[in-house]
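Next come the chains, spelled out residue by residue.
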Amino acid sequence: MANSAAAYEDQENLVSGKKPPSPTSVFFKHLLLVAISLTTLAPFVWMVLTSFKPLSEVSSLNPLPGTWHPENYRAVFTQIPFAHYYFNSVLVASWVTFLQVFTSSLAAFAFARLRWPGRDAIFRLYLATLMIPGVVVLIPNYAEMVKLHLFNSYFGLIVPASFTAFGTFMLRQFMLTLPRALDEAASIDGASPWVIFWDIVLPLSRAGVITLAIFSFMGNYGSFLWPLIMIKSQYLRTLPVGMLFFDSVYGRQTNLIMAASVMNILPLIILFVSTQKYLVKGIQLGAVKG
Amino acid sequence: MKSRRGDLLPALAFLAPNFLGFLVFTAGPLIYSLCVSFSDWNVAQPGVFHWVGFGNFLDLFKDANFHTYFVNTVYLMLGIPFSIFGSLMLAILLSQKLKGLVVYRTLFYLPSFTSGVALMILWKALFNPDFGPIDYVINSVNHFLHISGKAPTWLLSTHNLLGLDVEKVGFNAKELGLGARDALIIMGIWTGIGGNNMLLYLAALTNVPPDLYEAAELDGASKWDSFRHVTWPMIAPTTFFIVVMSVIGGFQAGFDQARVMTQGGPAGTTTTMSYYIYQKAFEEFQMGYASAVSWLLFLIIFVMTVINWRLGNREAD
């Protein structure tokens, strides 16, 4: 198999008229790539190994556990309401993702595919708000939630996060690339704007919508500052806030903290590996804010 | 193209849900926050409310804490050039014709995708001077080479590579070394180097037309020449974008790290502007003062954005 791949590469090099890269240079590039990968992976490996250690071995400098303790993972669930944290994070992130995609795809359609007076002025206003640091609106939004009695509730976590100028901007850019003839033809056939949106534009914007959805989910699953100030009850905490309290109360139990961390990032790794085809393209289209 | 006035009503309907959210959670709060920044509103003293004009802003210029926290914020941004340079190097490596590139790319991207509180707690343990593996490795190397130096205490240390003094803005040779801020920079580089910037560079590198390299090769250009005169100018817009976004992000950064890893310490050395806003608002309840700090931060970012935008436009001309 390796032979045929090498033959294929040789052939490709012949076609493009380039010298095949020398085996030593290929070897050194791989060596470098492997070294960087190991540096990237080392902290994760330490995290996983430590999560299986008994408490007595945490401060031992041998990275491998003397005896393996998978029951550390169960202990996390008995010491703190970890299942609640998990559930809350997934619930809040799912709702925010759904609402963000819903509201911003509608708005993006209005900006990208409809002509109306004032459109460009309002769009520029949206763009300008991308510059506003989140902390500027933090205090007013907090005060607003307290006034509306949404403080310390799922609503208070979900609703303020559900509107995104950035998502609107991104989906608008995406929708602008679709040929205009599509909706004009449908419009001549008497299709309403809603039908054009739902049956034509939205399905064709699938890749953009999926990218936005992944980033929205990921960002809100890991969201920290807003849940930190919005939630007081321990059963409403999301994972990042729960982790913070776990760490500050049970901080000496590094093995359990690491087990919790592993469980915290596991869904993200699964999400990433299963969707990276979309993600990489989406980021490269400029789909990411920072 | 005919003007379609008939689009106005549907457009408003499509826009309404998002625009309503925009008014309630962005535009309204923005105005509210500006008003609050001119007041002495303090949640801990109900009933007391005065307009203080520019009082908060004047206090801010005299606030020695704010000066050092501003310097901390800028110091933490020293990692940006290294991070960007690293992303470019990784992208160049990944743009070679090699087997297994997707696997490498996935691994490099992993820290940035999983970044957040869990990884910060992990790094807190890694930097621990008693049982953390980083100091263990440093001590072993020192021992092996018969160096008597002590490993840095990282998150517990006010030391820094520029010798910044602790209580005030200035130089103090005693502070030279590696400390909490450097630890955060190292973590930041590890997290960000293989992230979005690398992917953006990767896309930019694949978009350089191959015939430009062929032409350079025919002219007898070395690898370095063709990087310097072909690659670098061709990816300049990407570099520009990445630098702008990193600087804007850098000014707003530091809250999560400070809250999770250091509580802003030791001696306030990892307190950044955003963490100071949090402390003022949600620990000391001085909403007026905190709002003033956040508007100053906004102003800094606004000025940076305008300057960058001007520079970018000039380059495009």
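Residues numbered from 1 in each chain as written. Chains lettered and ligands numbered in written order. Predicted model: local features only at pLDDT ≥ 70, side-chain atom pairs only at ≥ 80, totals over all residues.

When you go through chain B residue by residue, the secondary structure sums to 15 helices and 0 strands. The proportion of buried residues among the 317 residues of chain B is 42%. When contacts within chain B are restricted to residue pairs at least 6 apart in sequence, those whose partners lie at least 24 apart make up 64%. (Helix = DSSP H or I, 4+ residues; strand = E, 2+ residues; numbered from the N terminus. Buried ≥ 20, exposed ≤ 12 C-beta atoms within 10 Å, placed from the backbone. Contact = placed C-beta atoms within 7 Å.)

A few words on the overall build of chain A. In terms of helices and strands, chain A carries 14 helices and 0 strands. Ordering the α and β elements of chain A from the N terminus gives α-α-α-α-α-α-α-α-α-α-α-α-α-α. Radius of gyration (C-alpha) of chain A: 25 Å, far over the 19 Å computed for a compact globule of 290 residues. Taken along its principal axes, the extent of the C-alpha atoms in chain A is 75 × 70 × 30 Å. The contacts in chain A between residues at least 6 apart in sequence include a share of 74% that link residues at least 24 apart. (Rg over C-alpha atoms; globule rule 2.2 N^0.38 Å.)

This brings us to the domain arrangement of chain A. Residues and elements named next belong to chain A. The domains assigned to chain A are domain 1 (2–51) and domain 2 (75–284). Computed over C-alpha atoms, the centres of domain 1 and domain 2 are 36 Å apart. Contacts between domain 1 and domain 2 engage 4 residues on the former and 6 residues on the latter. Of the residues in the side of domain 1 that touches domain 2, the class split is 2 nonpolar, 2 polar and no charged. (Domains from an automatic or database assignment. Nonpolar A, V, L, I, M, F, W, Y, C, P; charged D, E, K, R; others polar.)

Turning our eyes to something else, we now look at the packing of helix α2 (residues 23–51) of chain A against helix α5 (residues 101–114) of chain B. To describe two helices that pack against each other, one gives the angle between their axes and the distance between the axes. Where α2(A) meets α5(B), the closest approach of the two axes is 9 Å, and the angle between their N-to-C directions is 30°. Taken together, the axis directions place α2(A) and α5(B) in an arrangement best described as roughly parallel. For α2(A) against α5(B), the interelement crossing comes out left-handed. Mapping the contact onto sequence places L33(A), I36(A), S37(A), T40(A) and L41(A) in α2(A) and Y104(B), L107(B), F108(B), L110(B) and P111(B) in α5(B). Looking at the contact of α2(A) with α5(B) residue by residue, the classes come out as 8 nonpolar, 2 polar and no charged. (Axes fitted to C-alpha atoms, helices over the stretch in contact; angles between N-to-C directions. Parallel < 35°, antiparallel > 145°, perpendicular 65-115°, else oblique. Left-handed = near helix turned anticlockwise from the far one by under 90°.)

Let us now look at the environment of T67(A). You can see T67(A) is positioned in the loop between α2 and α3 (71–79). When the C-alpha positions of T67(A) and K53(A) are compared, they lie 6.8 Å apart, and in sequence the two are 14 residues distant.

Moving on: the interface of chain A and chain B. How big an interface is tends to be stated in terms of accessible area lost as the parts join. The interface is formed by 66 residues belonging to chain A together with 68 residues belonging to chain B. Elements with a minimum of two residues in the side of chain A that touches chain B: α2, α4 (82–113), α6 (138–147), α8 (165–176), α12 (225–230), α13 (239–249) and α14 (254–284) of chain A. Looking at the side of chain A that touches chain B, the element that brings in the most residues is α14(A), giving 13 residues. Looking at the side of chain A that touches chain B residue by residue, the classes come out as 45 nonpolar, 17 polar and 4 charged.

A few words now on the nonpolar core. As a rule of thumb, soluble globular proteins bury nonpolar side chains together. Of all hydrophobic cores here, the largest spans 141 residues; its most connected members are F109(A), A110(A) and I121(B). Counting residues per element, this core draws most heavily on α4(A), at 14 residues. Once residues within four sequence positions are removed from consideration, F109(A) is found in contact with M175(A), F197(A), V201(A) and F14(B). (Core = buried A, V, L, I, M, F, W, Y, C linked by C-beta atoms within 7 Å.)

All names here are of chain B. In this model, chain B carries a mean pLDDT of 90, and residues with pLDDT of at least 70 account for 97%. Mean pLDDT across the elements of chain B bottoms out in helix α15 (residues 287–316) (86) and peaks in helix α8 (residues 180–192) (96). Complex prediction metrics read pTM 0.89 and ipTM 0.90. (pLDDT = per-residue confidence, 0-100.)

Listed as buried for α6(A) are L138(A), I139(A), P140(A), N141(A), Y142(A) and M145(A). Residue H149(A) follows α6(A) closely and has a positive phi angle near 55°.

The next thing to look at is the environment of W46(A). For W46(A), the position within the fold is in helix α2. Residue classification places W46(A) among the partly exposed residues on the basis of 18 C-beta atoms within 10 Å. The spatial distance from the C-alpha of W46(A) to the C-alpha of L225(A) is 27 Å, given a sequence separation of 179 residues. Other than its neighbours up to four places away in sequence, W46(A) contacts P63(A), L126(B) and P133(B).

With that out of the way, let us pick up unusual backbone geometry. Residues and elements named next belong to chain B. Of note, the bond from G265 into P266 is cis; its omega dihedral lies within 30 degrees of zero at 0°. Residue placement: P266 occurs in the loop between α13 (255–262) and α14 (273–283). Located in the positive-phi region is W154, a residue other than glycine, with phi close to 45°. Here W154 lies in the loop between α7 (133–144) and α8. In this model, F285 sits at a positive phi of 60°, which is unusual for a non-glycine residue. Structurally, the position occupied by F285 is in the loop between α14 and α15.

When you line up the elements, A215(B) lands in helix α10 (residues 210–218). Take A215(B): there are 13 C-beta atoms within 10 Å of it, and that puts it in the partly exposed class.

Here we take up the confidence of the model for chain A. Per-residue pLDDT for chain A has a mean of 87; in total, 91% of the residues score no lower than 70. Counting interchain partners and residues more than four positions distant, the pLDDT-below-50 stretch residues 1–17 of chain A has 3 contacts.

Helix length check: helix α1 (residues 8–36) of chain B (29 residues) gives 36 Å between terminal C-alpha atoms against 42 Å at 1.5 Å per residue, more than 12% under. The largest bend along α1(B) reaches roughly 50° and is located at A16(B), with the proline P17(B) sitting one to four residues downstream. (Expected span 1.5 Å × (residues − 1). Bend = angle between axes of the 7 residues up to and from the residue.)

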